[in-house]
Each structure stands twice: as structure tokens, then as C-alpha cells.
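Commentary on secondary and tertiary structure
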Amino acid sequence: MSKGFEDPDNYLPLAQSLASGEGFSLKGHLTAYRPPLYPLLLAPLVATLGDQVSWGIAGLHLLLGTGTVLLTARAVRKLGFSETRAFVAGLIVAGDPTLVWLSQSVMTETLAAFLVAASLAAFTRSGRMGLILGGLCRPSLLVGAGFCCVVVALLGPGSRPRRLVDSLILGGTVVLVMLPWAVRNRIVFGEMVWTTTHGGYTLALANNPVYYRDVLNAPKESVWTGQDQWYWWDSVNRETAGMPEPEADRYMKAKVIRLALERPGDFLRASIARLERFWSIAPAAAVYPWPVRLISALFTVPVWIGLLAGLWRRRIWTWPAIAAPLQILGLTAVHTLYWTDMRMRSPIIPAIAIVVAASFLKERTANPSPTIPAISPPSDSRRPPTATS
């Protein structure tokens, strides 16, 4: 059905199920294994286009990508920066290798990046709060949303009571957006599942004895693939067979907690290694040819230099510009623990572009956004086919 588009995470079958009136189900079973927003967008395309749905996916991703570029540039302009900076930020989003590559797949990254850009643009509009839909697309984005709720109360515009109200409105908005999904899961599973039942698997995928042996204690460029990985997947399926999805999710999380307590040194080393993979300048040499890795590195190195420079600018740590680094910190924190590679950072490319825009070029002084007293900045493989957060 999706000729030309990879669908490693089964979003199209979920969309097909929705389009045919069978609910959010996979292989005939109601599920919360994946977040709902992306399949909900795909469902009308599947229902309308049928076997030609690939054209609809291409058009959807083109619209989302264009919107992400425009919204990122708009956010930069609304922060009071120059048109040149807005152009640079848009160029970074448009040319990012991970976003460009992933737009060819039926995956959530393109939509998630758009939602991050939309939220950041909304934050720059006269201090008004933006709706954060990212949790229904990539639950890992909820951590950055939580950081924003806290910082609104501390650095937002207006008096302390006004800031507290704004913080509660922002947090309440996120909860209200997630509530219908949680209620649906309460009806299906008998308990409120606010995000997905996939988190335990994704956590265990990056924290298990086989992975530690094959990747953590192996040469630096090792990637996890082959027979040992298949055996681990098979063992997980056998261990969780017959469990309801929420129970299996808790079971996998409990296994990781036990492993971390038994092997804290390996867990710490694995967390550091995940940070390295998340912020890598090029994909794994064991999977991708050197020209692809070279193109990625040539694009990414200047962006990372600009990112570091931007993070040391006082302006980026004032409200509302601080929402951009908070999104970066939030997703980085998540993938310090969960499975990661370069593609996992793609939703925060708009936030990275905004920070880069604050780094080098001469600042425009006309009509800047109101600033609030700053806080100090912090001190300074290809994926398995089913690994998403």
C-alpha cells in the first residue's frame, strides 16, 4: 500500500484499521502500543486513496515539512531577531539530513518536528501559551512541555500570580489534550494509559544484558543486529505472552530497574553512550557508506558549533526564547535512558535551529520581544525497525 515508503512501526495498518471502522487496532487487537495522532492523520488518506496512499503521504509530509520551516522562521522573527537569522533557522530545518531522510518513511518524526515548531512559534506570540500536541505524537516530548510549565511560573511575563496561572493553563492544556486518549485506554484496558504501552519495550531495548554485551562492551561503532538481537526479541515476546499491554509495559520497565540496580556501572556507561549516539554528527559506519556519513558530518558540525554558541547567549535563557533549549534538554533527558540514535533527535531540530539563530549574527534591536531576567545556562545505526518512543 505504501510503495516507496518504509513503514517499520506499522502506522499504516493502524490507519487502515481506523479507516475501516475497526478502531485503533493491530492484527485485530485494540492497542495503545503507538501514539494515536499520526495514524489519525493517515486514516483519511488511506480511506480516500487506497492503494495510491503513498501520494497522500508524500503530500502530507511535504506540507508538514514546509510548515515546520515557516513556523521555525516565524518563531525567530517573533523573538526579535533579524530576517537573516530567520532564514538561517529555516535553512537548518529544511536541510537537516535526519529530517530529510525520515520524510521518506511512514514515521512520526516529520509530524513531531512540525508540532515542536508550532508550539515554539505559539510561545513567542505576546506571551500567549501554545497548545502542545506533541504528546499524542511523540510522548517523549512531554518532558520538554513539563520543563516549560515550570519555567513559565518562574520567568513568564507578568506578576507571580499571573505566571502561576499561565503555568497551570499550560499544564492543564497538555492534560486536556491527552485526556481523550487516556479515557479510551481506560475503556479498552481498564486503566488510564496516558501515553503508550511501548515505553517499557523501548527502555528495555537499550538496557538489557544482551545489548550491553553486544554493543556497550563491544567496539565503539558496533550496532545491535543479527541473531542475538532476534533471540532477545523472541525472549521478550515469550515472557510477555498473554499479558495485557499495560502489564507487559510495567513488566519491561521493572526488568530495567532491576538491571540498573544490579549493574549501576554498566547502566551509567550505557547512558553516556546513548548521549553520544543521540548527538552524533554522522550515522553508524557499520550501516551507512562513507559518503552519507560525510554529508551528515559536514552539515551537522557547523550547526553544533552554532548550537553551543547560542546556548551561551544570555538572550536564549529568557522567556519566551528559553522554550527552545527546554525542548532540547527534555528530549535529551529522555534518550539518556531510552533507546536512541540520531533519528530520535529529529523532532527538536526546530528548537536547535532557533538556538543557532541566536548565536553569531548581529542582533536586531527594533521591536524586540520583552525579556525577563535570565537564568544561568547549564554547564557545559541504523535503528531496529520497531524502536520508537
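With that out of the way, let us pick up the overall build of the chain. Each helix and strand counted, the chain has 16 helices and 2 strands in total. Across the 389 residues of the chain, 53% fall into the buried class. Per element, the accessible surface of the chain, about 17,500 Å² overall, is 66% carbon and sulfur.

Together, Val175, Leu176, Leu179, Val183, Ile187, Met192 and Trp194 give the surface a local cluster of nonpolar side chains, amounting to about 630 Å² of exposed area. As for its placement among the helices and strands, Val175 is situated in helix H8 (residues 160-189). Taking relative accessible area as the criterion, Val175 reaches 42% and is therefore assigned partly exposed.

One pass over the full model with this rule turns up 9 aromatic pairs. The interplanar angle of 40° and the centroid separation of 5.9 Å between the aromatic rings of Tyr201 and Trp232 together place this pair among those described as tilted. Note that Tyr201 is positioned in helix H9 (residues 199-205) and Trp232 in helix H11 (residues 227-240), a separation of 31 residues in sequence. By relative accessible area, Tyr201 is classed as buried at 9%. Taking 5.7 Å as the distance between ring centres and 65° as the angle between the ring planes, the aromatic pair formed by Tyr211 and Trp339 counts as edge-to-face.

What follows concerns the side chain of Asn207. Here Asn207 is to be found in the loop between H9 and helix H10 (209-216). Given the relative accessible area of 3%, Asn207 is considered buried. A polar side-chain atom of Asn207 sits 3.0 Å from a polar atom in the side chain of Tyr212. Among residues more than four places away in sequence, those in contact with Asn207 are Tyr212, Val256, Leu259, Phe267, Ala270, Arg274 and Leu337.

Residue pairs spaced three or four apart in an α-helix point in one direction, given the helix's 3.6 residues per turn. The terminal C-alpha atoms of helix H15 (residues 323-337) lie 22 Å apart, and with 15 residues this matches the ideal 21 Å at 1.5 Å per residue to within 8%. Counted residue by residue, H15 has 12 buried out of 15 residues, so it is predominantly covered. Among the residues making up H15, those that are buried are Ala323, Ala324, Pro325, Leu326, Gln327, Ile328, Gly330, Leu331, Thr332, Val334, His335 and Thr336. Each element contacted by the buried residues of H15 is listed here: helix H6 (109-123), helix H7 (142-155), helix H13 (264-278), helix H14 (290-311) and helix H16 (349-357).

Let us now look at the environment of Thr336. Inspection of the secondary structure assignment puts Thr336 in helix H15. Given the relative accessible area of 19%, Thr336 is considered buried. In the structure, Thr336 is positioned 59 residues away from Arg277 in sequence and 9.7 Å away in space, judged by C-alpha atoms. With sequence-adjacent residues up to four places away left out, Thr336 is seen in contact with Ser271, Arg274 and Leu275.

Let's shift gears to the packing of H6 against H16. It is the contact of H6 with H16, at a shortest axis distance of 8 Å, that shows an interaxial angle of 45°. With respect to H16, the element H6 is oriented oblique. Across the interface between the two elements, Ala113, Ala117 and Leu120 of H6 pack against Pro350, Ala351 and Ile354 of H16. Of the residues in the contact of H6 with H16, the class split is 6 nonpolar, no polar and no charged.

As enumerated under the stated definition, the model contains 13 salt bridges in all. A salt bridge links Lys255 to Glu239; the shortest N-O distance between them is 3.0 Å. Separated by 16 residues along the polypeptide, Lys255 in helix H12 (residues 245-262) and Glu239 in helix H11 bring together distant segments of the chain. The partly exposed category is assigned to Lys255, whose relative accessible area is 27%. Accessibility expressed as a relative area gives 30% for Glu239, which makes it partly exposed. Its salt-bridge partner being Asp266, residue Arg269 comes within 2.9 Å of it at the nearest N-O pair. Within this pair, Arg269 and its partner Asp266 are both found in helix H13, separated by 3 residues, close to a single helical turn.

This prediction gives the chain a mean pLDDT of 88; 89% of its residues lie at or above 70. Below a pLDDT of 50 lies the segment residues 364-389, which in the model reaches 82 contacts outside its immediate sequence neighbourhood of four places, other chains included.

Here we come to the state of the cysteines. Overall, the coordinates contain 0 disulfides when judged by the stated rule. Between Cys148, a free cysteine, and Cys149, which holds the nearest cysteine sulfur, the sulfur-to-sulfur gap is 7.2 Å. Among the residues examined, Cys148 registers a relative accessible area of 0% and is labelled buried.

This paragraph deals with the environment of Lys220. Looking at the element boundaries, Lys220 is found in the loop between H10 and H11. For the pair formed by Lys220 and Ala273, sequence separation is 53 residues and the distance between their alpha carbons is 9.1 Å. Once residues within four sequence positions are removed from consideration, Lys220 is found in contact with Glu276 and Arg277.

Before going further, it helps to spend a moment on H11. Given a rise of 1.5 Å per residue, 14 residues ought to cover 20 Å, and the 20 Å separating the end C-alpha atoms of H11 matches this to within 8%. For H11, every residue scored as buried is listed here: Gln229, Trp232, Trp233, Ser235, Val236 and Thr240. Down the axis of H11, the sector holding all buried residues measures 160°, keeping them to one side. Residues of H11 that are exposed and angled more than 90 degrees away from the buried face: Gln227, Asn237 and Arg238.

The rules behind these values
- Residues numbered from 1 in each chain as written.
- Predicted model: local features only at pLDDT ≥ 70, side-chain atom pairs only at ≥ 80, totals over all residues.
- Heavy atoms only, no water.
- Helix = DSSP H or I, 4+ residues; strand = E, 2+ residues; numbered from the N terminus.
- Buried < 20%, exposed > 50% of the residue type's maximum accessible area, 1.4 Å probe, protein only.
- Areas by Shrake-Rupley, 256 points an atom, 1.4 Å probe, with all protein chains shown as cover.
- Patch = residues over 30% accessible without salt bridge, like charges linked within 9 Å, V, L, I, M, F, W, Y side chains within 5 Å.
- Salt bridge = Lys/Arg side-chain N within 4 Å of Asp/Glu carboxyl O.
- Phe/Tyr/Trp six-rings, centres within 6.5 Å; stacked < 30°, edge-to-face > 60°.
- Polar contact = N/O pair within 3.5 Å; in protein donor to acceptor, adjacent residues only side chain to side chain.
- Contact = heavy atoms within 4.5 Å.
- Expected span 1.5 Å × (residues − 1).
- Axes fitted to C-alpha atoms, helices over the stretch in contact; angles between N-to-C directions.
- Parallel < 35°, antiparallel > 145°, perpendicular 65-115°, else oblique.
- Nonpolar A, V, L, I, M, F, W, Y, C, P; charged D, E, K, R; others polar.
- pLDDT = per-residue confidence, 0-100.
- Disulfide = S-S within 2.5 Å.
- Arc of directions from axis to C-beta.

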